There are 2 protein chains.
Amino acid sequence: MAPQPTDLLQGTLDVLILKSLAWGPRHGYGIAKWLEDTTDDTLVIEEGSLYPALYRMERKGWIEAEWGMSELGRKAKFYALTAAGRSRLREEIAAWRRFSVAVAKVLGADGRG
Amino acid sequence: MAPQPTDLLQGTLDVLILKSLAWGPRHGYGIAKWLEDTTDDTLVIEEGSLYPALYRMERKGWIEAEWGMSELGRKAKFYALTAAGRSRLREEIAAWRRFSVAVAKVLGADGRG
DNA sequence: GGTAATTACCTAGATCGTCAAGGTATACGG
DNA sequence: CCGTATACCTTGACGATCTAGGTAATTACC
C-alpha cells in the first residue's frame, strides 16, 4: 500500500466529480483518471466508489448520462452537468471552503481558550 | 437545519480531537466546545460522534483517560495525548495538508488535460 | 420551592459512503 | 497469443457518523 489513500475522501467525492465535469462531459473512467492526474495520484478514486457515486448523482439530477465513443474509439458513458448540478457544484465548493478554513483554524490554533 | 454541518467531517474528526489535546488534557465536553468555539460553530461535534471517537482513539493508544474535576467543579473524564498520539497527530496533519492541497488543485483546475 | 438550562457523561440503532474484490468485454502491443 | 490498458459494473462488508434517546449534578431564574 504505497500512496495510502486516506479516508479523507469521505464526503468530498461528489464535489470532485462535479468539478471534473465543469468544462464538459467526461466518461467515468476519464473522471477518475483526470482526478488522479490533476492531483499527482494524491487522490485515487476506486471504481467501487466512483460508479455508485455517479448513479447517486444521476438520481439526484446533478448529472446526465449518455452513451458515446471515447477518444480511443470505445463504448463509454459520458456524464454531463445539469443546471442543478452546476448550482450544486457552487454550493459544495462554498461548503468545502468553509470547512477547510475551519480545519485550518483548528490545526493552526495556539491552544488558548 | 440552519447551519447545515456537512458530511465533510468524515475522516477528519480524529485529527481535530488530537489537536485539541496538543497543549494539555481536556475532557470530552470541553473538546467539543473548544472545537466549536475555535471554528465559530462551523464544526459542530455531535456527542454521538465524539464519545465513540474517544473510545476508539483510547483503544488505539493515542490518548489516555483519567477522571478528575472540571473547572466548574463537576466530575469529568480528562483525555491526554500519549507519545503515540502525538506522533499520530503529526502524521494526520501531514495527511490533511496533502489532501487539502490536492482538493485545491482540483477545484482550481482549468479543465485541460 | 420548582423548573429550565447547562454541564457532563454514555449508548443503541440506523444510515450511508467507501472500499475490496470480484466480474465482463474490447483493443492494442509485444 | 498473452498481457496490459481501457471501460463498464456489482456485491458485500466495513466503519464512521448521526439520531435519538438516557442519567445525573449544578446553576439560574421566577
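To be clear, the structure that these remarks concern was listed above.
The structure presented is a predicted model; accordingly, all values stated were derived computationally and were not measured. (Residues numbered from 1 in each chain as written. Chains lettered and ligands numbered in written order. Predicted model: local features only at pLDDT ≥ 70, side-chain atom pairs only at ≥ 80, totals over all residues. Heavy atoms only, no water.)

Here we look at the protein's contact with DNA strand D
Taken together, the neighbourhood of DNA strand D is formed by 24 residues, with Y29, E47, S70 and R74 of chain A together with S49 of chain B sitting nearest. For DNA strand D, the backbone makes up 62% of the atoms found within 4 Å of the protein, where backbone means sugar plus phosphate. E47 of chain A places a side-chain nitrogen or oxygen 2.5 Å from a base nitrogen of DNA strand D. With respect to DNA strand D, the side chain of Y51 of chain A contributes an N or O atom lying 3.2 Å from a phosphate oxygen. For the surface near DNA strand D, the secondary-structure elements that each account for two or more residues are α2 (28-38), α3 (47-59) and β3 (75-81) of chain A together with α3 (47-59) of chain B. Considering only residue class, the surface near DNA strand D consists of eight nonpolar, eight polar and eight charged. (Near = heavy atom within 4 Å. Polar contact = N/O pair within 3.5 Å; in protein donor to acceptor, adjacent residues only side chain to side chain. Helix = DSSP H or I, 4+ residues; strand = E, 2+ residues; numbered from the N terminus. Nonpolar A, V, L, I, M, F, W, Y, C, P; charged D, E, K, R; others polar.)

Quick notes on the protein's contact with DNA strand C
The environment of DNA strand C is made up of 24 residues, and the closest members are S49 of chain A together with Y29, E47, S70 and R74 of chain B. Among the atoms of DNA strand C close to the protein, meaning within 4 Å, 67% are from sugar or phosphate groups. Take Y29 of chain B: an N or O atom from its main chain is 2.5 Å from a phosphate oxygen of DNA strand C. The element best represented in the surface near DNA strand C is α3 of chain B, accounting for four residues.

Here we look at the environment of W62 of chain B
Residues and elements named next belong to chain B. Considering the arrangement of structural elements, one finds W62 in the loop between α3 and β2 (63-69). Sequence separation between W62 and A80 is 18 residues; the distance between their C-alpha atoms is 8.5 Å. What W62 contacts, discounting residues up to four positions off in sequence, is D14, L18, M57, A80, L81, T82, A84, G85, R88 and E92. (Contact = heavy atoms within 4.5 Å.)

Examining the pattern of salt bridges
All names here are of chain B. Tallied over the full model, the rule gives eight salt bridges over all chains. One salt bridge connects D14 with R56, and the closest N-O pair in it is separated by 3.3 Å. Pair noted here: D14 is in helix α1 (residues 13-20) and R56 is in helix α3, with a separation of 42 residues, a long-range link. Between K33 and E36 there is a salt bridge, and its shortest N-O distance comes to 4.0 Å. Of this pair, K33 and E36 are both found in helix α2 (residues 28-38), three residues apart, which corresponds to roughly one turn of the helix. (Salt bridge = Lys/Arg side-chain N within 4 Å of Asp/Glu carboxyl O.)

A short note on the nonpolar core
In terms of nonpolar packing, the biggest core is built from 65 residues, with I63 of chain A together with I63 of chain B touching the most fellow members. Setting aside chain neighbours within four positions, we find I63 of chain A in contact with L18, L21, L54, M57, E58, Y79, A80, L81 and T82 of chain A. (Core = buried A, V, L, I, M, F, W, Y, C linked by side-chain atoms within 4.5 Å. Buried < 20%, exposed > 50% of the residue type's maximum accessible area, 1.4 Å probe, protein only.)

Brief notes about the relation of the copies chain A and chain B
Copies of the same chain, two in number, are related to each other by a rotation about an axis and a translation along it. When chain A is fitted to chain B, the residual RMSD is 0.0 Å, and the transformation amounts to a turn of 180° plus an axial shift of 0.0 Å. Such a combination of turn and shift is consistent with a two-fold rotation axis. The C-alpha atom lying nearest the rotation axis in chain A is that of Q10 of chain A; the distance is 2.8 Å. Residue by residue, 100% of the interface of chain A is reproduced at the interface of chain B, so both copies engage with the same surface. (Least-squares fit on C-alpha atoms with pLDDT ≥ 70 in both.)

Focus: the packing of aromatic side chains
Scanning the model with the defined rule gives five aromatic pairs over all chains in all. With a centroid separation of 5.9 Å and an interplanar angle of 35°, the aromatic rings of W96 of chain A and W96 of chain B are classed as tilted. Of this pair, W96 of chain A sits in helix α4 (residues 83-107) while W96 of chain B sits in helix α4 (residues 83-107), which puts the two residues in different chains. In terms of burial, W96 of chain A and W96 of chain B fall into one category: buried. Among the aromatic residues, those joined into a ring-pair cluster are W96 and F99 of chain A together with W96 and F99 of chain B. If you follow K75 of chain A out to its NZ or CZ, it ends over the ring of W67 of chain A, 4.5 Å from the centre. (Phe/Tyr/Trp six-rings, centres within 6.5 Å; stacked < 30°, edge-to-face > 60°. Lys NZ or Arg CZ within 6 Å of the ring centre and 35° of its normal.)

Quick word on unusual backbone geometry
Positive phi values are uncommon outside glycine, yet D40 of chain A reaches one of about 50°. Looking at D40 of chain A, the relative accessible area reads 57%, which means it is exposed.

Quick word on the interface of chain A and chain B
Listed per partner, the contact involves 36 residues of chain A and 36 residues of chain B. Contact between chain A and chain B buries roughly 3300 Å² in total, counting both sides, with carbon and sulfur atoms accounting for 73%. It is L8, F99 and L107 of chain A in chain A that bury the most area against chain B; as a group they hold 22% of the surface buried on that side. Linking chain A to chain B there are two salt bridges. (Buried area = accessible area lost by both parts, 1.4 Å probe.)

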